[in-house]
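# Architecture and fold: a report
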Amino acid sequence: MDTTSKASSTPERPKWDNKVQYLLTCVGFAVGLGNVWRFPYLCQIYGGGAFLIPYLIALVFEGLPLLYLELAIGQSLRKGSIGVWHSISPLLGGLGVASMILSFLVGLFYNTILAWVLWYFFHSFEDPLPWSQCPINDDNTGYVEECVISTPVNYYWYRQTLNISPDLEESGSLQWWLVLCLASAWSIVYICFIRGIETIGKAVYVTATFPYLVLTIFLVRALTLPGATDGLRYLFTPDWTLLTNPQVWLDAATQIFFSLSLAFGGLIAFSSYNPKKNDCERDAVFVGCINSATSLYASIPIFAILGFKATSNFNACIAGNILDLTNAFDIAEKNITTENYENWLMFLNSSDPDKVSGLNLKPCVLQNFLDQSASGTGLAFIVFTEAVIEMPGSQVWAVLFFVMLFSLGLSSMFGNLEGVLTPLLDLHMVPKWMPKEIFTGLICVLSFLVALIFTLGSGNYWLEIFNSYVGSVPLLVIAFFEIIGVVCFYGMNRFCDDIEFMTGRRPNLYWRVCWMGISPVMLLVVLVAYVAVQVQTHPMYPAWNPQYEKFPETEVKPYSDWVFAICVLLSSVPVLSIPLVAVYRLIRRQTRSQTGSSYQNPYSNPAFTPDEPIQTFKAL
């Protein structure tokens, strides 16, 4: 059967309604929770503005070339991740399987975070906010001791939300409120995804744009808060000495890589719905720059608010010391103020140093409060919620904040689910009698059931394991082999010909040099350095244990051997399909050659339309 007749027998591939839908979907997938709670944290701990140098270098030489490659190869071959790499060479079929497994695993814990966001969102309408004060104990004789020793914000997160166990190996029971929130999160994802890109394209008009509206509202409000300038000054004051630390460059490279959502297969799937004639180079530059600009834009209101929180804590610390001094030295009220506190302290220290030292005054230094960094769930559910309490109209700001987080996460979930469904549909693994809507629902139900592990008392510990080990080494490995697949198997000249056909111009020297040298070398260096850093120490985790002698500090515990084995499996299993499929194909090729049967041309798929005659495939 020739290609034309074969193509006519297959259903027409869906298409985006317009270019805006496609770009918003890609931006929504790339711009996620990490832009809001990971990038500002890295800027804070790595020298403020100085961190932008390694970050931008990684963007130019690693992020953008990989993004362009994925969008171009998906648009050219018009298939999902498995179909694309199998079309290039059957030896690379495992690459698409690895991306699909990775998307599935990441979707499990990513949607659990959205369940937590929903829980906080539902309670943001209460007045006062439930995390603003400690609850009364069962005897009605005072406040809950665990809350008093820690803080209301910590208690609400660890006890009333997670009901966390003191150890990873104490699983605890399913928390019914988290199960309901998780079911709600997967239901929302399913509703938005029920008709594929047809419904996604409508949803992204809201999910991809609303976070920018909320960030702008937060920006205007945050800049008017007392202490905002201290937070911004702290964020953007460069500390050039930190650039000599290799860890800075490693984290910059991994951050730009992960924040662009590369190697998940979602971007390949989204671009496969484009028409052949589309400027994918301009799309890649646009999505990459918007992603990085969003990280910078989000940092300003985040750290303006954290500056306000640090100033509030600093003033509260001073006020507590003033009260102690006033009572101890019988000084009239309001004689000691925040402005003259240092002068009074120096005077009292010189007149009666023993009495002052006996008061055990707290050290109140604004810089120390600004140094209290946090990222991830610690920033969203502890630091930021504590800051919101101090803001006038706290309920409004809490609702806006958690709606923004949910929008960011939901648009990223579209890409994760697309990275699972599109390869399965392209491989015709769905029975013809089963509607796509039912198949999508089955995937969501399966994901929900597996993700119930994260609603246990130990669920937060498992989520951190998934986040650390699934979303790290496997992504770097997949991206490395993606570049190798295009350069060595598909051929750079052929790839450039395809791009010229799609965009009207060949990739310039910058793109070719990155693909053929700089990007794979950077990926290899980052991968080796990341693994080297990880193997130097046995992994530990912070446990919330009210019985710990230094509570409310978290108790740092080592992973047991069986948990560490699971960590290794989560890092390796997603990418095992790459060598396994390659070995399987080589064995089949050998047996076919011995029996005299011909090997199928790897480019013989109905969606592939080459610009020049295909040469006979030669075994490697």
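It should be noted that the structure appears before, not after, this text.
Here's what I pulled together on the structure shown here. Treat the numbers as computed from the prediction; the structure is a model and nothing was measured.

## Observations regarding the overall build of the protein chain
When helices and strands are tallied, the protein chain shows 26 helices and 2 strands. A globule of 620 residues ought to have a C-alpha radius of gyration of about 25 Å, and the protein chain, at 27 Å, matches this closely. For the protein chain, with 620 residues in total, the buried portion stands at 56%. Here the analysis covers contacts within the protein chain between residues at least 6 apart in sequence; of these, 81% occur between residues at least 24 apart. Just so you have it, the protein chain exposes about 26600 Å², and 63% of that area is on carbon and sulfur atoms. Treating the 32 positive side-chain charges of the protein chain as one cloud and the 45 negative ones as another, the clouds have centres 18 Å apart.

## Examining the packing of helix α11 (residues 197-207) against helix α21 (residues 394-426)
Taken N-terminus to C-terminus, the directions of α11 and α21 make an angle of 155 degrees; their axes are 9 Å apart at the nearest point. With respect to α21, the element α11 is oriented roughly antiparallel. Two packed elements cross with a definite hand, and for α11 against α21 that hand is left-handed. Facing α11, whose interface residues are Ile200, Ala203, Val204 and Thr207, α21 presents Ser407, Leu410, Ser411, Phe414 and Glu418. Across the contact of α11 with α21, the residue classes break down as 5 nonpolar, 3 polar and 1 charged.

## Examining the pattern of salt bridges
Between side chains of opposite charge, a pair can form as their charged atoms come close. Applying the stated criterion across every chain yields a total of 11 salt bridges. A salt bridge links Lys309 to Glu386, with the nearest nitrogen and oxygen atoms 3.6 Å apart. With Lys309 in helix α16 (residues 280-328) and Glu386 in helix α20 (residues 377-390), this residue pair connects regions lying 77 residues apart in the sequence. Residue class for Glu386 comes out partly exposed when judged on its relative accessible area of 25%. With its nearest N and O atoms 4.0 Å apart, the salt bridge here joins Glu555 to Lys557.

## Brief notes about helix α17 (residues 341-351)
Every α-helical turn comprises 3.6 residues, leaving residues that sit three or four positions apart pointing alike. All of the buried residues along α17 are Tyr341, Leu345 and Leu348. The buried residues of α17 occupy one face: seen down the axis, they fall within an arc of 70 degrees. Set apart from the buried face of α17 by more than 90 degrees, the exposed residues are Asn343, Met346 and Ser350.

## What to know about the pairing of strand β2 (residues 555-558)
Burial of β2 is one-sided: the residues Glu555 and Lys557 facing one way are buried, the residues Val556 and Pro558 facing the other way are not. When strand β1 (residues 540-543) meets β2, the two strands line up antiparallel, connected through 4 bridges. Bridge assignment links Ala543 to a residue of β2, and that residue is Glu555.

## Focus on unusual backbone geometry
Look at the link from Asp127 to Pro128: it is a cis peptide, with omega at 0 degrees. Mapped onto the secondary structure, Pro128 falls in the loop between α7 (93-123) and α8 (145-149). The phi dihedral of Arg78 is positive, around 55 degrees, even though this residue is not glycine. With respect to the helices and strands, the residue Arg78 is situated in the loop between α5 (52-77) and α6 (81-88). Judged by its relative accessible area of 13%, Arg78 is buried. Residues other than glycine seldom take positive phi values, yet Asn360 does so here, at roughly 55 degrees.

## Overview of the packing of α7 against helix α23 (residues 459-469)
The interhelical angle for the contact between α7 and α23, taken along N-to-C directions, is 135 degrees, at an axis separation of 10 Å. Of the possible angle classes, the one that applies to α7 and α23 is oblique. Of the two possible hands of crossing, α7 and α23 adopt the one that is left-handed. Across from Leu105, Phe109, Thr112, Ile113 and Trp116 in α7, the residues of α23 making contact are Asn460, Leu463, Phe466 and Asn467. The residue makeup of the contact of α7 with α23, split by class, is 6 nonpolar, 3 polar and no charged.

What counts, and at which threshold
Residues numbered from 1 in each chain as written. Predicted model: local features only at pLDDT ≥ 70, side-chain atom pairs only at ≥ 80, totals over all residues. Heavy atoms only, no water. Helix = DSSP H or I, 4+ residues; strand = E, 2+ residues; numbered from the N terminus. Rg over C-alpha atoms; globule rule 2.2 N^0.38 Å. Buried < 20%, exposed > 50% of the residue type's maximum accessible area, 1.4 Å probe, protein only. Contact = heavy atoms within 4.5 Å. Areas by Shrake-Rupley, 256 points an atom, 1.4 Å probe, with all protein chains shown as cover. Lys, Arg positive; Asp, Glu negative; His and termini not counted. Charge placed at Lys NZ, Arg CZ, Asp CG, Glu CD. Axes fitted to C-alpha atoms, helices over the stretch in contact; angles between N-to-C directions. Parallel < 35°, antiparallel > 145°, perpendicular 65-115°, else oblique. Left-handed = near helix turned anticlockwise from the far one by under 90°. Nonpolar A, V, L, I, M, F, W, Y, C, P; charged D, E, K, R; others polar. Salt bridge = Lys/Arg side-chain N within 4 Å of Asp/Glu carboxyl O. Arc of directions from axis to C-beta. Pairing = 2+ DSSP bridges.

Function-wise, these values are silent; they only describe arrangement.
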